[in-house]
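Analysis of the macromolecular model
Below are the chains, spelled out letter by letter.
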Amino acid sequence: MILCCIFAKTKLQIAFSQSPKRFQPMAAYDIDELHRHILTILLRVDRVCREHDLRYYCWAGTMLGAVRHGGFIPWDDDMDICMPRPDYDRLMQHADEWLPRPLEALCMETHPSYPGTFAKIIDASTTLIEREHSDYVGGIYIDVFPIDGIPQNPLMRRIATARYKALDKLLYFLHRDPYKHGHGPSSWPVLLVQRLFTHEWARRQLRRACLAYDYDTSDAVIDYDDGMAGIFPKAVLGTPKPIRFEGEEVMGIADADTYLSTKYGDYMTVPPHDHQRQHNFFYLDYHLPYREYHDTRSFVH
């Protein structure tokens with residue numbers, strides 16, 4: 001019943017907030033400097049994973065960039081890796097002792113106020129705010145996506161992904177400026193969610209949803225952040241395979257062609273300029289530790 005209410009609120013909010021997708025101009029910050037920062041994070045994480053026998057894979061646009069460009073997609077301003085759930089949990093549990101400073105791992109399992117459903121490994125000597133209307137402030141980061149088990153039954157898959165999507169939206173509402181779209185009806189679903197639910201409740205429910213199907217005993221796995229499109233045979237991941245990225249050796253997906261073809265179609269063709277998307281981060285400072293940032297946005301408490 002609770003999830004049905006969440007889903008109804010989500011649909012109402014989407015109805016008020018949807019608008020046609022438009023091309024976003026390239027960001028004003030120095031993307032080459034950003035690439036250097038996040039590559040440094042990746043290489044340090046790679047070293048930790050090798051030292052502690054953890055599986056990880058370059059993921060999404062990072063895997064595509066490695067195959068098509070030998071490194072970063074030129075306009076891409078983030079980096080993605082994924083980890084099987086057992087390895088992901090182990091890294092998050094030991095991140096404080098294993099990661100070299102100034103790196104920190106932030107995830108909903110270990111940080112009660114963290115608003116994301118997947119982890120970020122950040123450089124705490126920097127400050128980055130992704131979205132103007134989110135209360136999350138951190139540092140330059142790489143995203144770390146957990147890969148979970150998923151059942152073979154198509155109906156159960158849809159139920160599992162719908163459950164995750166509703167809880168993900170609820171968590172987003174809990175950390176969003178309720179007046180992002182004004183003080184009218186569009187603010188009501190967010191205000192209601194913030195009154196009825198807590199971050200801790202949402203975090204417990206999300207964790208339960210993600211662990212509903214064991215990774216090790218599942219033949220099919222999922223990146224829940226991609227919904228139904230994120231389901232694929234576990235064999236596609238395989239054993240992490242060395243791949244070159246900006247002249248460095250990191251780990252990639254064993255069956256990269258199947259993964260990239262499924263996700264991107266004709267992945268070796270560079271998209272036209274109006275499909276080359278960036279985050280256009282709200283705030284970025286390469287030299288200010290994020291804990292020293294003074295946030296003056298009115299909705300941040």
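**Some remarks on the overall build of the protein**
From N to C terminus, the protein includes nine helices and 10 strands. The C-alpha radius of gyration computed for the protein amounts to 19 Å, which stays within 12% of the reference 19 Å derived for 301 residues, consistent with globular compactness. With the C-alpha coordinates of the protein rotated into their principal frame, the extents come out at 50 × 50 × 45 Å. By residue count, 51% of the 301 residues in the protein fall in the buried class. Counting only contacts in the protein whose residues sit at least 6 apart along the sequence, the fraction spanning at least 24 positions is 72%. Carbon together with sulfur atoms contributes 54% to the accessible area of the protein, which is approximately 14,800 Å² in total. Put simply, the protein has 34 plus and 41 minus side-chain charges, and the middle of one group is 7 Å from the middle of the other.

**Remarks on the pairing of strand S5 (residues 138-150)**
Among the 13 residues that make up S5, 13 are buried, leaving the element largely enclosed by the rest of the structure. Where strand S2 (residues 80-84) and S5 come together, five bridges link them in parallel fashion. Residue pairing in the sheet places Ile81 in a bridge with Val144 of S5. By the bridge criterion, six bridges tie strand S4 (residues 119-129) to S5 in an arrangement that is antiparallel. Within S5, the residue paired with Ile122 across the bridge is Tyr141. In terms of strand pairing, S5 meets strand S6 (residues 220-222) through three bridges, oriented antiparallel. Looking at S6, one finds that Ile150 is bridged to Ala220.

**Focus on the confidence of the model for the protein**
Here the protein averages 87 in pLDDT, and 90% of its residues register 70 or above. Of the regions scoring below 50 in pLDDT, residues 1-26 engages in 40 contacts with residues more than four places distant in sequence or in other chains.

**A word on the state of the cysteines**
In total, this model carries zero disulfides according to the counting rule given. Of all cysteine sulfurs, the one in Cys58 lies closest to Cys49, which takes part in no disulfide; the gap is 11 Å. For the unlinked cysteine Cys58, the closest cysteine sulfur is that of Cys82, found at 9.0 Å.

**A look at helix H5 (residues 154-174)**
One turn of an α-helix holds 3.6 residues; hence residues three or four places apart share an orientation. Spanning 21 residues, H5 covers 31 Å between terminal C-alpha atoms, matching the ideal 30 Å at 1.5 Å per step. Among all positions of H5, only Arg157, Ala160, Thr161, Tyr164, Ala166, Leu167, Leu170, Leu171, Phe173 and Leu174 are buried. Between a side-chain oxygen at the N-terminus of H5 and the backbone nitrogen of Leu155 the separation is 2.9 Å; the capping residue is Asn153.

**Here's the deal with the nonpolar core**
Of all hydrophobic cores here, the largest spans 91 residues; its most connected members are Trp59, Ile121 and Leu237. Tallying contributions element by element places helix H2 (residues 31-51) first for this core, with nine residues. Residue contacts for Ile121: discarding those within four places in its chain leaves Ile41, Val45, Leu91, Leu99, Leu103, Glu104, Ala105, Ile140, Tyr141, Ile142 and Val144.

**What about the side chain of Asp87?**
The residue Asp87 is located in helix H4 (residues 85-98) in this model. Accessibility expressed as a relative area gives 7% for Asp87, which makes it buried.

**Description of the packing of aromatic side chains**
Overall, the coordinates contain 11 aromatic pairs when judged by the stated rule. Here Trp59 and Phe232 contribute two aromatic rings whose centre-to-centre distance is 5.7 Å and whose plane-to-plane angle is 45 degrees, an arrangement assigned as tilted. With Trp59 in the loop between strand S1 (57-58) and helix H3 (60-69) and Phe232 in strand S7 (residues 231-233), the pair connects residues that are 173 residues apart, well separated along the chain. Residues Trp59 and Phe232 agree in their burial class; the two are buried. Measuring from ring centre to ring centre gives 6.4 Å for Tyr141 and Phe281, while their planes differ by 75 degrees; the resulting arrangement is edge-to-face. Placement of the pair is Tyr141 in strand S5 and Phe281 in the loop between helix H9 (256-264) and strand S10 (283-285), with a sequence separation of 140 residues. Through pairs of rings, three or more aromatic residues link up here, namely Trp59, Phe232 and Tyr259. It is Lys234 that lies over the ring of Tyr215; its NZ or CZ is 4.9 Å from the centre.

**So, the pattern of salt bridges**
Applying the stated criterion across every chain yields a total of 14 salt bridges. With its nearest N and O atoms 3.4 Å apart, the salt bridge here joins Asp89 to Arg85. With Asp89 and Arg85 both in helix H4, this residue pair falls four residues apart, about one helical turn. Owing to a relative accessible area of 5%, Arg85 belongs among the buried residues under this scheme. Residue Glu109 is joined to Arg85 by a salt bridge in which the shortest nitrogen-to-oxygen separation is 3.4 Å. In this pair, Glu109 is assigned in the loop between strand S3 (103-106) and S4 and Arg85 in helix H4, connecting sequence segments 24 residues apart. Looking at Glu109, the relative accessible area reads 25%, which means it is partly exposed. Three or more residues are tied together by salt bridges with common partners; here these are Arg85, Asp89, Glu109, Asp148 and Arg207.

Criteria and cut-off values
Residues numbered from 1 in each chain as written. Predicted model: local features only at pLDDT ≥ 70, side-chain atom pairs only at ≥ 80, totals over all residues. Heavy atoms only, no water. Helix = DSSP H or I, 4+ residues; strand = E, 2+ residues; numbered from the N terminus. Rg over C-alpha atoms; globule rule 2.2 N^0.38 Å. Buried < 20%, exposed > 50% of the residue type's maximum accessible area, 1.4 Å probe, protein only. Contact = heavy atoms within 4.5 Å. Areas by Shrake-Rupley, 256 points an atom, 1.4 Å probe, with all protein chains shown as cover. Lys, Arg positive; Asp, Glu negative; His and termini not counted. Charge placed at Lys NZ, Arg CZ, Asp CG, Glu CD. Pairing = 2+ DSSP bridges. pLDDT = per-residue confidence, 0-100. Disulfide = S-S within 2.5 Å. Expected span 1.5 Å × (residues − 1). Polar contact = N/O pair within 3.5 Å; in protein donor to acceptor, adjacent residues only side chain to side chain. Core = buried A, V, L, I, M, F, W, Y, C linked by side-chain atoms within 4.5 Å. Phe/Tyr/Trp six-rings, centres within 6.5 Å; stacked < 30°, edge-to-face > 60°. Lys NZ or Arg CZ within 6 Å of the ring centre and 35° of its normal. Salt bridge = Lys/Arg side-chain N within 4 Å of Asp/Glu carboxyl O.

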